[in-house]
Amino acid sequence: MSINSASAVAKTVANLVKSIPVRNKDVVSRRFGLKNGKKETLESIGKSYGITRERVRQIEEFAVNQLRKVADGNQDVERYVALTKNIIGGNGVMKERDLFKAFSGSEADSAVNSSLVFVLSLSRDLVRLGENDDFHAFWAVSPAALNDFKNHAATCVAFMETAKRPMLESNLTEFKSEWLKTFLSISKTVGKNIFHEVGLVSWPEVKPKGVRDKAYLVLKRDNAPKHFGEIAKLIN
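How each quantity is defined
- All residue numbers refer to position in the chain's written sequence, counted from 1.
- Only residues with pLDDT of at least 70 are given local features in this predicted model, and only at 80 or more are side-chain atom pairs given and counted; all residues enter the totals for whole chains, interfaces and linings.
- Derived side-chain values reflect all non-hydrogen atoms in the structure, with water molecules and hydrogen atoms excluded from consideration.
- Side-chain rings of Phe, Tyr and Trp, where Trp is taken by its six-membered ring, are said to pair if the distance between their centres is within 6.5 Å; with planes under 30 degrees apart they count as stacked, over 60 as edge-to-face, and otherwise as tilted.
- Strands here mean DSSP runs of E at least two residues long; helices mean DSSP runs of H or I at least four residues long; both are numbered from the N terminus.
- We call a residue buried when its accessible area falls under 20% of the maximum for its residue type, exposed when it is over 50%, and partly exposed in between, using a 1.4 Å probe and counting protein chains only.
- Whether a charge lies above a ring is judged from NZ of Lys or CZ of Arg, which has to be within 6 Å of the ring centre and within 35 degrees of the ring normal.
- Here a salt bridge means any side-chain nitrogen of Lys or Arg lying within 4 Å of a carboxyl oxygen belonging to Asp or Glu.
- Note on geometry: axes are C-alpha line fits, over the in-contact stretch for helices, and angles between N-to-C directions span 0 to 180 degrees.
- Should an angle fall under 35 degrees it is called roughly parallel, over 145 degrees roughly antiparallel, and 65 to 115 degrees roughly perpendicular, with every other angle called oblique.
- Note on convention: the crossing is left-handed when the near helix lies turned anticlockwise from the far helix by less than a right angle, right-handed when the turn is clockwise.
- What makes two residues a contact is simply this: any of their non-hydrogen atoms within 4.5 Å.
- Note that Gly is not counted as nonpolar here; it falls among the polar residues with everything else outside the nonpolar set of Ala, Val, Leu, Ile, Met, Phe, Trp, Tyr, Cys and Pro and the charged set of Asp, Glu, Lys and Arg.
- DSSP calls a pair of strands paired once it identifies at least 2 bridges connecting them.

Attention shifts here to the packing of aromatic side chains. What the rule picks out here adds up to 10 aromatic pairs. Ring centres of phenylalanine 135 and phenylalanine 149 lie 5.7 Å apart, and the angle between their planes is 55°; on these two criteria the pair is classed as tilted. Of this pair, phenylalanine 135 sits in the loop between β2 (127-129) and β3 (138-140) while phenylalanine 149 sits in helix α8 (residues 143-163), and the two are 14 residues apart along the sequence. Phenylalanine 149 carries the same exposure label as phenylalanine 135, and that label is buried. The interplanar angle of 25° and the centroid separation of 5.8 Å between the aromatic rings of phenylalanine 175 and tryptophan 179 together place this pair among those described as stacked. Taken together, the ring pairs in this structure connect Phe135, Phe138, Phe149, Phe159, Phe175, Trp179 and Phe183 into an aromatic cluster. Geometry around tyrosine 49 places arginine 23 over its ring, the cationic atom sitting 5.8 Å from the centre.

See the structure below:
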């Protein structure tokens, strides 16, 4: 049986949680979306039990800490951690949705992908950074890899802010091409336009927000006046 099969990861999760109380198990299952891939809020779980969201958070935290002790030295957990590190590869980081795709064949939320997140969250090696204003959710193979990525990301953003214009990927020799590809998949502040130029997504040349921005991009690209019909054709 493949380690990334639905039954395999579900069996690993079941073995891990069997030692904790029923309510704690239910809270963890609903918070991680272990049954259907859909995570529930602290508030919704609290309402079903007639307790506060803070109490639910405490139960979740206590249960996860308990399970981390259970996971220490667990061979199944170690295999999933090793598999994930192998999938992430040399860049040391990977967007969570890309990890899902490589693991289960689908980047969508599902019980299988949620179970993987749950198992990996019990590891003391891997690090997950949740989605925020700057990044999509992603995983790092170690705290050092996470810090290294953040430092490179800050350098890249600062470079773009200094350049004040989009640049072709091939011209960004300051950054390794494979790292840049990974960074662009994770970053919410830096992106790439259809001309393979990299820049801040706040720039209309990188992420046009409407017809006017698209027309501006077309005209700037060709640097020549054009008829409206020709502009519309180029936009399409």
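This model, assessed by the stated rule, comprises 13 salt bridges. Aspartate 76 is paired through a salt bridge with arginine 79; the nearest N and O atoms lie 2.1 Å apart. Of the two residues, aspartate 76 and arginine 79 both sit in helix α5 (residues 75-88), 3 residues apart, roughly one turn of that helix. Aspartate 76 gets classed as partly exposed once you look at its relative accessible area, which sits at 23%. Classification of arginine 79 as partly exposed rests on a relative accessible area of 43%. Note that glutamate 169 is salt-bridged to lysine 192, the shortest N-O span being 3.1 Å. Remark: lysine 192 occurs in strand β5 (residues 190-192) and glutamate 169 occurs in the loop between β4 (167-168) and α9 (177-186); sequence separation between them is 23 residues. Judged by relative accessible area, glutamate 169 falls into the partly exposed class, the value being 28%. Overlapping salt bridges, with partners in common, bring together Asp26, Arg30 and Glu40 in one network.

So, about the packing of α5 against helix α6 (residues 96-104). Between α5 and α6, whose axes approach to 11 Å, the crossing angle comes to 115°. Taken together, the axis directions place α5 and α6 in an arrangement best described as roughly perpendicular. As α5 packs across α6, the resulting crossing turns out to be right-handed. For the pair α5 and α6, the contacting residues are Tyr80, Leu83, Thr84 and Ile87 in the first and Leu99, Ala102 and Phe103 in the second. Classifying every residue of the contact of α5 with α6 gives 6 nonpolar, 1 polar and no charged.

By definition, the strands of a sheet pair up through backbone hydrogen bonds, in either a parallel or an antiparallel sense. With antiparallel pairing, the 3 strands of this open sheet are ordered in space as β4-β6-β5. The open sheet has two edge strands with one neighbour each: β4 and β5. With 3 bridges joining them, β5 and strand β6 (residues 197-200) adopt antiparallel strand pairing. By the bridge assignment, valine 190 is partnered in β6 with leucine 200. Of the strands in this sheet, β4, β5 and β6 are in contact with α8, which crosses β6 at around 95°.

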